[in-house]
Amino acid sequence: MEKEAKILVVDDEDRIRNLLKMYLEREAYDVEEASDGKEALEKALAFDYDVILLDLMMPEMDGIEVCQKLRKQKATPIIMLTAKGEEANRVQGFEVGTDDYIVKPFSPREVVLRVKALLRRSSSTKFLQTDTQAKDVLVFPHLSIDNDAHRVTVADQEINLTPKEYELLYYLAQSPDKVFSREQLLKDVWNYDFFGDLRTVDTHIKRLREKLNRVSPQAASMISTVWGVGYKFEVVKE
């Protein structure tokens, strides 16, 4: 039997936490709460959540700092909640590793749909639909991607990616040497979950390269920039 998804709801407003908890529990999710950034970080580091709904503006520690500190140790999927809809806040959130963004006021039903969508793509979730009869693995020099397990191995070392980072890498790697524009990547990788600006793609490419480069510069170099157009996955010639 599949385990129920465990979700952490973080907001300093009781009303918002209670509302989200009620809607998420209707979907049979296991919901825990935190009322400030410090408590949220402690819980997120101590337990393995499937998704974290994280408010941006909070006492003790804001959502950006929580996400920044958490990303040093975990790739838990994060949806940022904020009353600020400005572009700068969205970009800052994605720069520190947020997977999705919802601006207040929001519909609780929309939040539930976003959570479900993120769970489907999450590298840590058990709700993924995979074909157990055929192994879906992409193998390249210095890099392999096991899509059934959502596992990326670089130079024989597994690396920890957020759901969006994983999906972006897998999408590019499925079509080696094909050039994708930023607009196309936004449409196909982010689809209905996020309607944002092109810098979102650049930010995720940068983070992905940094993670690959820590283990293998050769693997990182496979994500190639095509100036004035976009990006492509370029197979390293041995």
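In the nomenclature of an unreviewed UniProt entry, the protein chain corresponds to Transcriptional regulator from the organism Halalkalibacterium halodurans. Among the UniProt annotations of the protein chain, the heading Subcellular location (unreviewed entry) holds the following wording: "Cytoplasm".

Asks: Teacher, can you tell me more about the layout of surface pockets here?
Replies: Think of a ball as big as a water molecule: rolled over the atoms, this probe shows where empty space is left. The volume enclosed by the second largest pocket comes to roughly 330 Å³. For the second largest pocket, the full set of lining residues is Q68, R71, K72, E95, V96, D202, T203, K206, R207, E210, K211 and R214. The leading source of residues in the lining of the second largest pocket is helix 8 (residues 199–215), at seven residues. Within the lining of the second largest pocket, the residues separate by chemical class into one nonpolar, two polar and nine charged.

Asks: Teacher, can you tell me more about the sheet that holds strand 9 (residues 157–159) here?
Replies: By way of backbone hydrogen bonds, the strands of a sheet pair with one another, either parallel or antiparallel. Read across the sheet, four strands follow the order 6-7-8-9 without closing on themselves; strand pairing throughout is antiparallel. Looking at which strands have only one partner, the edges of the open sheet turn out to be strand 6 (137–140) and strand 9. Each neighbouring strand pair of the sheet contributes to a mean axis angle of 20°, computed without reference to strand direction. Looking at chain direction, strand 6 and strand 7 (residues 143–146) are connected through four bridges and run antiparallel. Among the inter-strand pairings, L138 is bridged to a residue of strand 7, identified as I145. Contacting strand 6, strand 7 and strand 8 (151–154), helix 6 (residues 163–173) crosses the sheet at an angle of about 110° to strand 7. Packing of helix 8 onto the sheet brings it into contact with strand 7, strand 8 and strand 9, and relative to strand 9 it is tilted by some 160°.

Asks: Hey, could you run me through the packing of aromatic side chains in this one?
Replies: Aromatic rings considered in pairs are described by the distance between their centres and by the relative angle of their planes. The final tally for this structure, using the stated rule, is four aromatic pairs. Just above the ring of Y23 sits the side chain of R26; from NZ or CZ to the centre is 4.8 Å.

Asks: Looking at this model, I keep getting lost on the pattern of salt bridges. Mind explaining?
Replies: When their charged atoms lie close together, side chains carrying opposite charge are able to pair. Summed over all chains, the structure comprises 22 salt bridges. Note that K43 and E39 form a salt bridge whose closest N and O atoms lie 3.5 Å from each other. Pair noted here: K43 and E39 are both in helix 2 (residues 37–46), with a separation of four residues, about one helical turn. Classification of K43 as partly exposed rests on a relative accessible area of 22%. Exposure remark for E39: the relative accessible area of 26% places this residue in the partly exposed category. For K232, the salt bridge identified is with E234, shortest N-O distance 3.8 Å. Through salt bridges with shared partners, one network takes in D11, D55 and K104.

Asks: It is not clear to me how the UniProt feature "modified residue: 4-aspartylphosphate" (unreviewed entry) in the protein chain should be interpreted in this structure. Could you clarify?
Replies: UniProt's entry tags D55 with the feature "modified residue: 4-aspartylphosphate" (unreviewed entry), counted in the numbering of this structure. Considering the arrangement of structural elements, one finds D55 in strand 3 (residues 51–55).

Asks: Sorry, what's going on with the confidence of the model for the protein chain here?
Replies: Close inspection of predicted coordinates is inappropriate in any region flagged by low pLDDT. Residues with a pLDDT of 70 or more make up 87% of the protein chain, whose mean pLDDT is 84. Here helix 4 (residues 87–95) stands out as the least confident element of the protein chain, with mean pLDDT 73; strand 1 (residues 6–10) is the most confident, with 96. Predicted confidence is poor over residues 123–134, with pLDDT under 50, and the contacts of this stretch with residues over four places away or in other chains come to 22 contacts.

Reading the values: the criteria
Residues numbered from 1 in each chain as written. Predicted model: local features only at pLDDT ≥ 70, side-chain atom pairs only at ≥ 80, totals over all residues. Heavy atoms only, no water. UniProt positions renumbered as here; feature names shortened; annotations may be inferred. 1 Å grid on protein atoms, 1.4 Å probe; cavity = no way out; pocket = protein on both sides within 12 Å on 5 of 7 lines; lining within 4 Å. Points joined across faces, edges and corners; volume = space filled by probe spheres on them. Helix = DSSP H or I, 4+ residues; strand = E, 2+ residues; numbered from the N terminus. Nonpolar A, V, L, I, M, F, W, Y, C, P; charged D, E, K, R; others polar. Pairing = 2+ DSSP bridges. Axes fitted to C-alpha atoms, helices over the stretch in contact; angles between N-to-C directions. Contact = heavy atoms within 4.5 Å. Phe/Tyr/Trp six-rings, centres within 6.5 Å; stacked < 30°, edge-to-face > 60°. Lys NZ or Arg CZ within 6 Å of the ring centre and 35° of its normal. Salt bridge = Lys/Arg side-chain N within 4 Å of Asp/Glu carboxyl O. Buried < 20%, exposed > 50% of the residue type's maximum accessible area, 1.4 Å probe, protein only. pLDDT = per-residue confidence, 0-100.

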